[in-house]
Structures are given as C-alpha cells and as structure tokens.
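Coordinates in review
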Amino acid sequence: MPARLDWRCAARWCRRGALCAALAAGAAWGVVLARRAHDQRLGVAAVEEVGGSVLYDFEADGLGQPPGPVWLRSLIGDDFFCRVEIVMFWNPQTGDDDLRHLHRFSAVREVYLDRTRITDAGLRHLEHLTSLRLLAIEETAVTEEGLARLNKKITTSVMR
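Reading the values: rules and limits
Residues numbered from 1 in each chain as written. Predicted model: local features only at pLDDT ≥ 70, side-chain atom pairs only at ≥ 80, totals over all residues. Heavy atoms only, no water. Pairing = 2+ DSSP bridges. Helix = DSSP H or I, 4+ residues; strand = E, 2+ residues; numbered from the N terminus. Axes fitted to C-alpha atoms, helices over the stretch in contact; angles between N-to-C directions. Buried < 20%, exposed > 50% of the residue type's maximum accessible area, 1.4 Å probe, protein only. Arc of directions from axis to C-beta. Contact = heavy atoms within 4.5 Å. Phe/Tyr/Trp six-rings, centres within 6.5 Å; stacked < 30°, edge-to-face > 60°. Salt bridge = Lys/Arg side-chain N within 4 Å of Asp/Glu carboxyl O.

**Regarding the sheet that holds strand β4 (residues 134–136)**
Spatial ordering of the open sheet is given by β1-β2-β3-β4-β5, a layout of five strands whose pairing is mixed. Edge positions in the open sheet fall to β1 (52–56) and β5 (157–159), since each of these has one partner strand only. Within this sheet the neighbouring strands show an average axis-to-axis angle of 15°, counted without direction. Where strand β3 (residues 110–112) and β4 come together, three bridges link them in parallel fashion. Pairing of Glu110 across the sheet is with Leu134, part of β4.

**Let's talk about helix α4 (residues 144–153)**
All of the buried residues along α4 are Gly146, Leu147 and Leu150. All buried residues of α4 project into a common sector of 95° when viewed along the axis, lining one side. Those residues of α4 that are exposed and aimed more than 90 degrees away from the buried face are Glu144, Glu145 and Lys152. Buried positions along α4 lie against β4 and β5.

**A look at the packing of aromatic side chains**
Scanning the model with the defined rule gives one aromatic pair in all. Consider the rings of Tyr56 and Phe58, whose centres lie 6.1 Å apart with planes at 20°: the pair is stacked. Across the pair, exposure class does not vary: Tyr56 and Phe58 are buried alike.

**Remarks on the environment of Asp39**
Counting through the fold element by element, Asp39 comes out in helix α1 (residues 7–49). Linking Asp39 and Ser106, residues 67 residues apart in sequence, is a C-alpha distance of 10.0 Å.

**Focus: the pattern of salt bridges**
Side chains carrying opposite charge are able to pair once their charged atoms draw close together. This structure, assessed with the given rule, holds nine salt bridges. The shortest N-O distance in the salt bridge between Arg35 and Asp39 comes to 3.5 Å. Taken together, the positions of Arg35 and Asp39, both in helix α1 and four residues apart, correspond to about one turn of that helix. Across the pair Asp39 and Arg104 runs a salt bridge, and its minimum N-O distance is 3.4 Å. Placement of the pair is Asp39 in helix α1 and Arg104 in the loop between β2 (84–89) and β3, with a sequence separation of 65 residues. The exposure class assigned to Asp39 is buried, which follows from its relative accessible area of 18%.

Structure follows, in structure tokens:
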C-alpha cells in the first residue's frame, strides 16, 4: 500500500519551493541592476573621455549625495542607486560618432550639444532616448529637417 503524503510535509516542500523561486527572482533582478549600472559607468567614462560631462538624478534634484547607504554605495558603486539625467558635450570637436555612447543611458532628460560639430546624422543616436525632454543645439550643423526626423521618433523641446 502506498504511503500517504503527510500534509505538513507537502506544505513544507511548498514553502521551500516558494522561497527558492523568490531567491531566484531576486538574483535575476540583481543581475539586471548590475548590468544597467555597469553600462551606465561605461557610458559616463566614454562621455568624459570626449570632453563631456553628466549630471545624475540626485544632482539635478539638488541633493548633496546619492540615495542609499554610504557603506553599500562604496561597496557596489553609486550607479546602482542613481541614473544619468543630463548629458553635456562641451568640446567643440565633439562629432556625430561621439554620441553613440548615449545608448547606455535609459533616463536622460536633457542633452546639451551647443557649439559642437553635431549634424543631422548624429541625431540618430538620440532616437532611443524616450525620456528626453530638452535638446540644446545652439551653433551646430543640425537642420530643421534633422529635428523633424527626430521628433517623429521622440517628442522633445529644442533650444537653438
């Protein structure tokens, strides 16, 4: 005669399964966050290498330091706790290809390209920035046609 499964034993296995599933989901989310933070770090380094700079969300909001515990930020980095919101290119030699690193940022709200060598071709690197609200392009070679193409992909205000 087959042994009957005790309901307490079944409940114990069910709890263990739920705990394992929760731990696996948490680990998967941790991998996603780590990848996003790593990509953002690489993007910041690339922007700075061509003479640009970035502002993180906490800086744009006027806060003194990133959110999160200091000990944890020093261990895993600030990029886990904040997003780049503003990207500024100050180098007059900045060209279309230098914008290719913008794909590493998911929450950029403002991009400043004033007095650079950016053309309509460089605007294609901005098409994925769905959070972009302000594009400053004073003294560039960007045309109205290029802006119209960009505005078909995303809605943004332009400062000339």
